[in-house]
Structure formats: C-alpha cells, structure tokens
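Breakdown of the fold
Below are the chains, spelled out letter by letter.
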Amino acid sequence: MSASSEPARIHSLDGLRGVASVVVLVLHVAMMLELWGPGAPYSLIPGTPAVIVFFVLSGVVLSIGPLSRLRAGRPYDWIAYYPRRVVRLCVPLFAAVALGVVAGYVAWRIGSTGRSATAIDFAGGAQRVTHDVLMQFDVVFNVSDDARTLLGTPLSRVNSPVWSMCWELWFSLTLPLAIACLARVRRERLTAAALFAGIFVSHWCGYFPLRLCLTFWLGVLLARHLDELSRARLTPAVEVGCLVLALCVVELAQANAAGLLGPVDALLGAALATLMNAACAALVVLAVTDGLVRRALSVRPVRFLGTVSFSLYLTHAVVVGGLEALLPRLGVVSPLAQSVVALAASLVFAVAFWRVVERPSIGLSHRVGVAAARPAGE
C-alpha cells in the first residue's frame, strides 16, 4: 500500500490511549503506595475500564487498514502484517519483562515480599528459576484476567500489566477472523447485541476469555463506521451528557466490583459489568465524533501521552515497585510524596523507554513487514 492510500491517523484516539494509560498509572501508584491507607477503595480509580478502552481501541485501529482495503476491492497483505505486528508488540514487551525480572531479583535480594519479588522462585535453584523466568515471557498460553490464570491459579508476573498483552497478541493474530466475520455483516445491531450478550455471559459465569476477545470485536464493528462517526456532530450539551453518563456507568460498575454496593445478585453484577463495557465503547465513539472530546484529546500534550502510552503501560509497574522499596530507605515516607515522585519518574522513564526501545522497534517492524511483503502483482 502506498503512503497516499493509508487511512488518515485519528489523533484523538492516540489522545484517548494516553489518558487511559495515565489512569492505569494513577491506579497502580495509589494502590501500591497505599496513598489513602490500607483497605481504601482503590478500584474506584477506573484502571480496569481503561484497559477495556485499550482493547476497543486496538480493535478499531488494527481494523482500519484491512477494512479500507476491503472497501476498495483490494487484498490486504496479511503475510506482511503478521511479522510486523509481532515485532511491534513483542520487542518492547520482552524488554519490559526483562526489566521486571531484574527488578524482581533486586527486590527479592533486599527482602521484599511484593509480587515482583515472589513471582520467580529465586531461591529454588537454577532449574526452577529458569522455568519461572521463561513463564514471564509466555504471552500466548499464560493468560489471565489480571487476577487468575485460565486454570484458576493466582497471577504471578514480575511486571503485572503484561497480562493484557497476552490478549493484544491473541487478537492481533486472529484479526483476519474478526475481519472476515464482521466486515460483511448486514444486521449490525443484532451483531452488536450478540457481542454484548456474550460479554454478559462471560461476566456471569466467570469465563473471562470470552469477554476479553469480544471486546476487541466491538472495536472492529466500530471501525466500520469511523467515517460516519468522524462527520457526526453532537451539541455540547448532548456530548457532555453522554460523557458524564458513560463515566457514571463506569464508576457504578467499579463500585460494585469493590463491594461498595453491598450484596448484588450475580445477574445484576454481570449486567453492570456489561454496561461498563458498553460505556468504554461509547468513550471511543465520543473520541471520534466531531466535538469537544475529540478536540480535547487532539491537543499536542495529550497526543504525546498517547505516543508514549505503550511504553508507560509496560514499564510503570516496575518503576513504581522499585520506588516503593527505595524511597523509604532514602527517608521519603509520606505516601503523597512517594506518589508524586512515582508519577513523575514513571513518565520520565516511559519517555526514555520509548526513545531507546519502542521507537526503534517500530522502525524494525516496518522493515520486517516490507521484507515479508509479497512482490507486486502476486
């Protein structure tokens, strides 16, 4: 595909990704450093919905190129796509995991009992350590929902946010299936209802792979209508009302997850969680439509957060975990002071990681994709 045929980049989606990454950062800083004391309802900070937004965004962004080609009656080069996408994801991911392994070892040596220090049995001998280290790099089969693996065992990762990258990789590899299934559907409302029904069943029965996969598919469905959505205009009052409503639904679901609503029937809980998924998709829609939200997300500082969002997401837990052990030894014991330092350090480290690791990996992925591309006319 020539440069001129590439779909235009939607800057507001970059901005939304940046905002979502900062929300995850704030959650982990507050929770790991116990900013409001032990036992505070930290889950009211919508970190999980932010990850859902990431998944919907991935479904949208990865589908733009294939759908554009399909509408033009031209084939999409999946042979070039696969190595390009794997390199794009896995080079920064594996670098961040390696940092987590080193940080986990240091944390273990100084006596920490946190997740990063205990995810690998450093005292278990070479055989055990090798097994545990290799498990940290397993982003295909060691899947989880940020709490437990598919087999029900507790999540054990030196770099906890890596859990979501398993699903990013799985969706990336199965994107042709999603495109084939959703690109030509005619009854889109029925299809959307079916997707949400699957998400509801997943929340109700606890089989998390179903809802995580279908969340990406929601993004593919939205990608079919990007042109129409980008031209749609809402009045400021309607747009603000939709934004407030979506955020209120997110917080209601988070309050239920934190147990703040008291005993809730399983069906009602699943319904609230499903509405949260719908609200996250609605936030992506608001980021695309022509209005206040799109303009706010398109300003340069917010777009820059989007540029480094992947690096920030991959590295912030390692940085915060290290500061959690280091700052008290330096006499910084106030949770508020620790949190300010952790927020600033995480952003600075993310920029450095983007420059040193992620940006070169983007260039490498493009070269790999070009090398794997089929000859013209084939």
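Residues numbered from 1 in each chain as written. Predicted model: local features only at pLDDT ≥ 70, side-chain atom pairs only at ≥ 80, totals over all residues. Heavy atoms only, no water.

**Let's talk about the overall build of the chain**
For the chain, the helix and strand inventory stands at 15 helices and 0 strands. Against the compact-globule benchmark of 21 Å for 378 residues, the chain has a radius of gyration of 21 Å, which places it among compact chains. Overall, the chain is about 60 × 55 × 40 Å in size when its C-alpha atoms are taken along their principal axes. Burial status across the chain gives 45% buried among its 378 residues. (Helix = DSSP H or I, 4+ residues; strand = E, 2+ residues; numbered from the N terminus. Rg over C-alpha atoms; globule rule 2.2 N^0.38 Å. Buried < 20%, exposed > 50% of the residue type's maximum accessible area, 1.4 Å probe, protein only.)

**A short note on the confidence of the model for the chain**
Predicted confidence across the chain gives a mean pLDDT of 92, with 97% of residues reaching 70 or more. In this model residues 1–5 is a low-confidence stretch, pLDDT under 50, and it forms 4 contacts with partners more than four residues away in sequence or in other chains. (pLDDT = per-residue confidence, 0-100. Contact = heavy atoms within 4.5 Å.)

**Describing the nonpolar core**
Ranked by size, the top nonpolar core spans 79 residues in total, and within it V53, F55, W163, W167, F171 and V284 carry the most contacts. When residues no more than four places from it in sequence are discounted, the contact partners of V53 are L16, A20, C280, L283 and V284. (Core = buried A, V, L, I, M, F, W, Y, C linked by side-chain atoms within 4.5 Å.)

**A closer look at the side chain of S365**
Relative to the assigned elements, S365 resides in helix α15 (residues 335–372). Note on S365: relative accessible area 2%, which makes it buried. Ignoring any residue separated from it by four or fewer positions in sequence, one finds S365 in contact with R84, V87 and R88.

**Remarks on the packing of helix α3 (residues 78–109) against helix α14 (residues 309–326)**
It is the contact of α3 with α14, at a shortest axis distance of 9 Å, that shows an interaxial angle of 10°. Classified by the interaxial angle, the pair formed by α3 and α14 is roughly parallel. As for how α3 packs across α14, the hand of that crossing is right-handed. Note on element contacts: α14 touches α3 through F310, L314 and V318, opposite R88, L89, P92, L93, A96, L99, G100 and A103. In the contact of α3 with α14, the residues fall into 9 nonpolar, 1 polar and 1 charged. (Axes fitted to C-alpha atoms, helices over the stretch in contact; angles between N-to-C directions. Parallel < 35°, antiparallel > 145°, perpendicular 65-115°, else oblique. Left-handed = near helix turned anticlockwise from the far one by under 90°. Nonpolar A, V, L, I, M, F, W, Y, C, P; charged D, E, K, R; others polar.)

**Re the pattern of salt bridges**
Evaluated as defined, the whole model comprises 8 salt bridges. Here D14 ties to R17 by a salt bridge, and the two come within 3.1 Å at their closest N and O atoms. Of this pair, D14 and R17 both sit in helix α1 (residues 11–32), separated by 3 residues, roughly a single helical turn. Across the pair, R17 and D14 agree in class, each one buried. With a closest N to O distance of 3.9 Å, E168 and R85 form a salt bridge. Here the residue E168 occupies a position in helix α6 (residues 163–182), and R85 occupies one in helix α3, the gap between them amounting to 83 residues. By relative accessible area, E168 is classed as buried at 8%. (Salt bridge = Lys/Arg side-chain N within 4 Å of Asp/Glu carboxyl O.)

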